[in-house]
Amino acid sequence: MKKNSNTHNSEKIAIKVKGICKYYRIGTKENIHDSLGGAIFSLIKSPLRNYRKYRSLYRFDDSEINDSPDIIHALSNISFDVNRGEVLGIIGKNGAGKSTLLKILSRITVPTSGYAEIHGKVSSLLEVGTGFHPELTGRENVYLNGTVLGMTKLEVDRKFDEIVEFSGFEKFIDTPVKRYSSGMTVRLAFSVAAHMEPEVLIIDEVLAVGDAAFQNKCLNKMEDVREKGRTVLFVSHNMSAVTRLCDRAILLNSGKLVMNGPPEEVVREYLKSGQDIPGELIFDSVENAPGNEIVKLKAVSIRQENGAISPVINIERPFSVEMKYQIFKPGFSFLPHFVLHNGGGNIIFVAIDQDRNWQNRTRPPGIYTSKALIPGNLLNEGTVFVDPVMRTVEPDILHFVENNPISFEVVEMSKDNPTRAGYVKSIPGFVRPALNWTTDFKDT
Ligand SMILES: Nc1ncnc2c1ncn2[C@@H]1O[C@H](COP(=O)(O)OP(=O)(O)OP(=O)(O)O)[C@@H](O)[C@H]1O
Ligand SMILES: [Mg+2]
């Protein structure tokens, strides 16, 4: 690509968003049709009713906008540019306005005010099976979706095998999509979108679906798309994917653009500003807390090395997993432990209390906090679930096992993590230890 120092050069800009606002009225739900046919049909059915509804949906008086509690400001005055070939990450809490922004850019909905310009052929993947027809088979939907997204039949023919192979559904390709699970539908939809070769690719949270292997495939595909110099807009709650794949990120909070800059900095700001998932779970009421009359769980927490509670851990830094519990009866020795797993039935490891001071020793009643320090550069990036368990060995009693009360996210905060040694694609595995490597060399 030709480099141009003039940032105002429109040749360089793929997307220009200027002063976009989007308001919704609470109680009046915007009717989104699955298909163009459905939209046209309902428009023909009742033109006047639709016109009135349309007006009340999209008209907002100035006085109303600032005062009315019935109006949601899904987006307020958003402006930014995306350069050609740039991968822009969009992050923010649930309800921040990310999907609304992508819907406006994909022309699925219109902004209340402001405008967005997009230069180039767009392909977007916004929701589960957008544009997929349940009665049609996978094969038919690939053709339908491919042509809707702007490919010719010949182009789909050429790419068909590759698309199906990528999805991994060769066996089900002639089955109607209504028999697919939602995860399968998204996989196929992603495969079509990923093979589109659009100039601008818009993706909303696709990586949240599918198993780990498919997620890796998607990330690698995005990496290819990026290498080909395409412009990508990418909404994700997966912070590692954002820091690793994006050239820049924007942070939305309650419909406002609060930061626009290098992904690592924006991710850090987001993580500081409070998260969707808490880094601590407290059992307030003793009656409902896991456990029995001997011991009960009071809290589980994840702490960064500086002591701050956080559900997000920098892959390079040590952190701790803690459980707070109350012992009611004397005379028992306890073995607190944590099961760290991936939420999909695979255990990463089990950590058993190794504090010698309390091993084989009965604990008097009181409140205890047992803390396991986990080194940096041990776990791989991704989501890790923590199950706290309390056991007594002699006699053998399982006091509590709490499944998935808390999870945390291991995130790469820099692009040059030592365990990568410069490799950029996603690395599979539950652990990614920093090992000491040596090389022997003999000159032949
Ligand atoms: N069709 C609609 N009608 C009314 N309110 C809406 C509509 N769509 C979105 N909203 C509201 O707009 C705000 C932004 O929603 P949006 O879906 O864009 O958030 P998001 O950042 O994508 O969240 P998530 O991370 O949960 O996907 C929310 O308060 C939401 O309730
Ligand atoms: Mg969303």
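What comes next is a walk through the structure. (Residues numbered from 1 in each chain as written. Chains lettered and ligands numbered in written order. Predicted model: local features only at pLDDT ≥ 70, side-chain atom pairs only at ≥ 80, totals over all residues. Heavy atoms only, no water.)

Read across the sheet, 3 strands follow the order 2-1-4 without closing on themselves; strand pairing throughout is antiparallel. A single partner strand is all that each edge strand has here, and the edge strands are strand 2 (71-83) and strand 4 (113-118). Across the sheet, the mean angle from the axis of one strand to that of its neighbour is 15°, orientation sign disregarded. Taken together, the 5 bridges between strand 1 (residues 13-25) and strand 4 define a ladder with antiparallel strand orientation. (Pairing = 2+ DSSP bridges. Helix = DSSP H or I, 4+ residues; strand = E, 2+ residues; numbered from the N terminus. Axes fitted to C-alpha atoms, helices over the stretch in contact; angles between N-to-C directions.)

In the vicinity of ligand 1, the residues found are Y24, I72, A74, K93, N94, G95, A96, G97, K98, S99, T100 and H237. N94 places a side-chain nitrogen or oxygen 2.9 Å from an oxygen atom of ligand 1. Protein burial of ligand 1: of its 630 Å² of free accessible surface, 70% is covered by the chains. Elements that contribute at least two residues to the shell around ligand 1 include exactly strand 2 and helix 4 (98-105). Per-element tally for the shell around ligand 1: the top contributor is helix 4, with 3 residues. (Near = heavy atom within 4 Å. Polar contact = N/O pair within 3.5 Å; in protein donor to acceptor, adjacent residues only side chain to side chain. Areas by Shrake-Rupley, 256 points an atom, 1.4 Å probe, with all protein chains shown as cover.)

Here we come to the sheet that holds strand 11 (residues 295-304). Hydrogen bonds between backbone atoms are what pair the strands of a sheet, whose relative direction is either parallel or antiparallel. Taken in spatial order, the 4 strands line up as 10-11-13-16 in an open sheet, and their pairing is antiparallel. Two strands bound the open sheet, and with one partner strand each, they are strand 10 (280-282) and strand 16 (366-374). Sheet twist, expressed as the mean angle between neighbouring strand axes with direction ignored, is 20°. Summarising the sheet, strand 10 and strand 11 pair through 3 bridges and their orientation is antiparallel. Residue pairing in the sheet places E280 in a bridge with S301 of strand 11.

Locating S236 in the fold gives a position in the loop between strand 7 (231-235) and helix 9 (239-245). The exposure class of S236 is buried, given its relative accessible area of 1%. When neighbours within four sequence positions are excluded, S236 is seen to be in contact with I90, I91, E205 and V242. (Buried < 20%, exposed > 50% of the residue type's maximum accessible area, 1.4 Å probe, protein only. Contact = heavy atoms within 4.5 Å.)

Turning our eyes to something else, we now look at empty space enclosed by the protein. A complete count under the given rule lists 2 cavities of 30 Å³ or more for this structure. Considered as a void within the structure, the largest cavity measures approximately 60 Å³ in volume. What lines the largest cavity is F283, D284, S285, V286, A289, K296, L297, K298, Q326 and F328. Here the lining of the largest cavity gets 3 residues from one element, more than from any other, and that element is strand 11. Each residue belonging to the lining of the largest cavity can be placed in one class, and the counts come to 5 nonpolar, 2 polar and 3 charged. Computed from the structure, the second largest cavity encloses a volume of approximately 40 Å³. In terms of lining residues, the second largest cavity is bounded by I313, I315, R317, F319, P375, G376, N377, L378, L379 and V410. In terms of residue class, the lining of the second largest cavity is made up of 7 nonpolar, 2 polar and 1 charged. (1 Å grid on protein atoms, 1.4 Å probe; cavity = no way out; pocket = protein on both sides within 12 Å on 5 of 7 lines; lining within 4 Å. Points joined across faces, edges and corners; volume = space filled by probe spheres on them. Nonpolar A, V, L, I, M, F, W, Y, C, P; charged D, E, K, R; others polar.)

Taken as a whole and judged by the stated rule, the model has 7 aromatic pairs. On the numbers, 5.5 Å between centres and 85° between planes, the contact of W358 with Y368 is edge-to-face. You can see W358 sitting in the loop between strand 15 (347-352) and strand 16 and its partner Y368 sitting in strand 16, a full 10 residues away along the chain. Site record: aromatic cluster; members linked through ring pairs are F169, F172 and Y180. (Phe/Tyr/Trp six-rings, centres within 6.5 Å; stacked < 30°, edge-to-face > 60°.)

For the rest of this paragraph, the subject is the pattern of salt bridges. By the definition in use, this model includes 14 salt bridges. For the salt bridge of K153 with D157, the shortest nitrogen-to-oxygen distance reads 3.2 Å. Pair noted here: K153 and D157 are both in helix 6 (residues 153-167), with a separation of 4 residues, about one helical turn. Residue K153 is classed as exposed on the basis of its relative accessible area, which comes to 53%. (Salt bridge = Lys/Arg side-chain N within 4 Å of Asp/Glu carboxyl O.)

Remember, this is a structural readout, not a statement about activity or role.
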